Amino acid sequence: MEQKKIDRINELARRVKAGETLTPVELAERDALRKEYIASVKASLTDQLDRTYFVDPDGAQHKLKKK
């Protein structure tokens, strides 16, 4: 995810914490950005777990299994 989008999420969050109300357009933008951010984090974690192996004491490597 681009840093510009993360900055926008943070800007909207700061405005809400400061007590401002967001317009319906800003609320929709915030929700879309949040969904994109969560999808990005999930994809990154999935990629990392796909490259993770367990090593037995005898040296055998086993890939993580998906549940």
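Before reading on, note that the structure itself is shown above.
Residues numbered from 1 in each chain as written. Predicted model: local features only at pLDDT ≥ 70, side-chain atom pairs only at ≥ 80, totals over all residues. Heavy atoms only, no water.

A few words on the pattern of salt bridges. Between side chains of opposite charge, a pair can form when the charged atoms approach closely. In total, this model carries 7 salt bridges according to the counting rule given. Among the ionic pairs, Arg8 bridges to Glu29, the shortest N-O distance being 2.9 Å. A residue pair is termed long-range when its members are at least 10 positions apart, and Arg8 in helix H1 (residues 3–17) and Glu29 in helix H2 (residues 24–50) qualify at 21 residues. (Salt bridge = Lys/Arg side-chain N within 4 Å of Asp/Glu carboxyl O. Helix = DSSP H or I, 4+ residues; strand = E, 2+ residues; numbered from the N terminus.)

Let us now look at the side chain of Arg30. Within the secondary structure layout, Arg30 lies in helix H2. With relative accessibility at 17%, the residue Arg30 sits in the buried group. When near neighbours in sequence (up to four residues on either side) are disregarded, Arg30 contacts Leu12, Val16 and Leu22. (Buried < 20%, exposed > 50% of the residue type's maximum accessible area, 1.4 Å probe, protein only. Contact = heavy atoms within 4.5 Å.)

A few words on H1. An α-helix turns once per 3.6 residues; consequently, residues spaced three or four apart project the same way. Spanning 15 residues, H1 covers 21 Å between terminal C-alpha atoms, matching the ideal 21 Å at 1.5 Å per step. Residue Gly19 follows H1 closely and has a positive phi angle near 100°. (Expected span 1.5 Å × (residues − 1).)

Below, the discussion takes up H2. Taking 1.5 Å per residue as the helical rise, H2 with its 27 residues ought to reach 39 Å, and the 39 Å between its terminal C-alpha atoms agrees with that figure. For H2, the full list of buried residues reads Glu26, Arg30 and Leu33. The secondary structure elements touched by the buried residues of H2 are H1.

By the secondary structure assignment, Glu26 is in helix H2. Take Glu26: its relative accessible area is 14%, and that puts it in the buried class.

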